[in-house]
Amino acid sequence: MIVVTGTFRVPPSMMSVVIPAMEEMIAASRAEEGCIEYAYGFDVLDQGLVRVSETWRDREALESHFRTAHIAEWRAQFSALAISERDLFAYETADEGFHI
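Cut-offs applied
Residues numbered from 1 in each chain as written. Predicted model: local features only at pLDDT ≥ 70, side-chain atom pairs only at ≥ 80, totals over all residues. Heavy atoms only, no water. Phe/Tyr/Trp six-rings, centres within 6.5 Å; stacked < 30°, edge-to-face > 60°. Buried < 20%, exposed > 50% of the residue type's maximum accessible area, 1.4 Å probe, protein only. Helix = DSSP H or I, 4+ residues; strand = E, 2+ residues; numbered from the N terminus. Expected span 1.5 Å × (residues − 1). Arc of directions from axis to C-beta. Salt bridge = Lys/Arg side-chain N within 4 Å of Asp/Glu carboxyl O.

What about the packing of aromatic side chains?
All chains considered together, the criterion is met by 6 aromatic pairs. With centroids separated by 5.5 Å and ring planes inclined at 70°, the aromatic side chains of Tyr38 and Tyr40 adopt a geometry described as edge-to-face. Taken as a pair, Tyr38 and Tyr40 share a single burial class, namely buried. Ring centres 5.9 Å apart and planes at 25° place the aromatic pair Tyr40 and Trp74 in the stacked group.

Focus: helix H1 (residues 15-30)
Here H1 contains 16 residues, and its C-alpha end-to-end distance of 22 Å stays within 8% of the 22 Å for a straight helix at 1.5 Å per residue. Buried residues of H1: Met15, Val18, Ala21, Met22, Met25, Ile26 and Ser29, and no others. Buried residues along H1 cover an arc of 140° about the axis, so they all sit on one side. In H1, the exposed positions angled more than 90 degrees off the buried face are occupied by Ser16 and Glu24.

Thoughts on the environment of Gln47
By secondary structure assignment, the location of Gln47 is in the loop between strand E2 (35-42) and strand E3 (49-56). Judged by relative accessible area, which is 63%, Gln47 ranks as exposed. Note: C-alpha distance between Gln47 and Pro11 (36 residues apart in sequence) is 8.2 Å.

A closer look at the pattern of salt bridges
Counted under the stated rule, the structure contains 6 salt bridges. The partner of Arg9 in a salt bridge is Asp46, with the nearest N and O atoms 2.7 Å apart. Here Asp46 lies in the loop between E2 and E3 and Arg9 lies in strand E1 (residues 2-9), a separation of 37 residues in the sequence. Classification of Arg9 as partly exposed rests on a relative accessible area of 23%. A salt bridge links Arg9 to Glu85, with the nearest nitrogen and oxygen atoms 3.2 Å apart. A residue pair is termed long-range when its members are at least 10 positions apart, and Arg9 in strand E1 and Glu85 in strand E4 (residues 84-92) qualify at 76 residues.

Pasting the structure below:
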């Protein structure tokens, strides 16, 4: 299993434009084979900070995700959406975790 976590920034003034683009990205990604979880969340205390949480079945599923049209379109919009400070990390794990 691959877990992707990280952050990016969006100017608060761009939220009305960014949220629909994020909704499209989330829906398309969740529909992909091998996607277990795909979510963006806004930080409560740091306005404009978006937290990323993804879980993929395996490395092949994540690599396939990187080749999709919707991720190419999403990345192409970064400048227009004023997305900055993108900082994502992928971790490979053999464990599905546990509830705490």
